[in-house]
Amino acid sequence: MTNYLSTNAAFALKVKDLHDLLATQIGDAMDQSGMIIPSKTSAIVELLFENDSLSKADISKELSFSHQLCTQRLAWLEKHQMVSVKEDPNDRRRQIIQLTEAGKFEARKLRSFLPRLQQAYESLFSELGLNLDDVLERASFALEQDSLAARISRNSQHKVSAE
């Protein structure tokens with residue numbers, strides 16, 4: 001029998017492994033560039049730099065983060081004094097998030113780093129002979145139109161057995 005890990009059936013695992021490798025390497029490159037924010041918070045920092053202030057709900061919506069994930073990432077930024085969190089005076093349920101001066105300083109470093117990251121990806125995509133960003137967008141769109149469950153159901157000759 002074929003080893004599952006060497007087939008396309010392990011595609012999601014391979015994508016996760018690639019994600020983990022990229023996250024580690026981006027973190028290392030950010031460290032080498034003198035940034036102290038973790039790469040996982042960079043999207044929030046960039047978004048807040050573009051906007052004077054946003055609510056936690058606005059950040060979650062804009063970045064397609066769950067409320068929990070947004071809260072976790074903001075907690076790191078707040079703990080390290082990169083953001084300030086204040087109650088909305090008009091709605092006590094809302095929290096308004098702003099970059100502190102330290103956060104803005106990190107955002108400027110991030111801004112100078114991102115073009116170099118873009119060039120690194122362009123180099124990788126050129127080496128591979130395909131733009132992985134385009135491929136991922138097309139794959140996401142295709143799966144939104146026709147899910148894996150539907151594809152499996154359509155292609156199944158028989159029910160899966162435990163034998």
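Use the structure listed above.
S.K.: Mind laying out the layout of surface pockets, listing which residues take part and the relevant values?
M.R.: Gaps left between atoms show up when a probe the size of a water molecule is rolled over them. Taken as a whole, the largest pocket spans an internal volume of roughly 1,300 Å³. Lining the largest pocket are 32 residues, with His-19, Leu-22, Ala-23, Ile-26 and Tyr-121 sitting closest to its centre. When residues of the lining of the largest pocket are traced back to their parent elements, those giving at least two are α1 (11-32), α2 (42-50), α5 (101-128) and α6 (132-145). With 10 residues, α5 is the single largest residue contributor to the lining of the largest pocket. A class-by-class count of the residues in the lining of the largest pocket yields 22 nonpolar, 5 polar and 5 charged.

S.K.: Lay out the sheet that holds strand β3 (residues 91-99) in plain terms, naming residues and giving numbers.
M.R.: Strand order in the open sheet formed by 3 strands is β1-β3-β2, with antiparallel pairing between adjacent strands. Every other strand in the sheet has two partners, leaving β1 (54-55) and β2 (83-88) as the edge strands with one partner each. Taken together, the 6 bridges between β2 and β3 define a ladder with antiparallel strand orientation. Note on β3: the bridge partner recorded for Asp-88 is Asp-91. Each of β1, β2 and β3 is contacted by α2, which is oriented at about 95 degrees to β3, the strand it contacts most.

Conventions we followed
Residue positions are given per chain, counting from 1 as you read along its sequence in written order. Per-residue local features are limited, in this predicted model, to residues with pLDDT of at least 70; the limit for side-chain atom pairs, both in listing and counting, is 80 or more; totals at the level of whole chains, interfaces and linings are taken over all residues. Based on all heavy atoms of the structure, the side-chain values leave hydrogens and waters out of the count. As defined here, a cavity is a set of points on a 1 Å grid over the protein atoms alone where a 1.4 Å probe fits but cannot get out. A pocket is an open set with protein on both sides within 12 Å along at least five of seven lines, and residues line them when an atom is within 4 Å of a point. Grid points are joined across faces, edges and corners, and a volume is the space filled by probe spheres set on the points. Helix and strand labels come from DSSP, where a helix needs a run of H or I of at least four residues and a strand needs a run of E of at least two; each type is numbered from the N terminus. Residue polarity is assigned by list, with Asp, Glu, Lys and Arg as charged and Ala, Val, Leu, Ile, Met, Phe, Trp, Tyr, Cys and Pro as nonpolar; anything else, Gly included, falls into the polar class. Strand pairing is assigned whenever DSSP identifies at least 2 bridges connecting the two strands. Contact between two residues is taken to exist if any of their heavy atoms lie within 4.5 Å; hydrogens are not considered. Working convention: axes come from line fits to C-alpha atoms, limited for helices to the stretch in contact. Angles between N-to-C directions cover 0 to 180 degrees.

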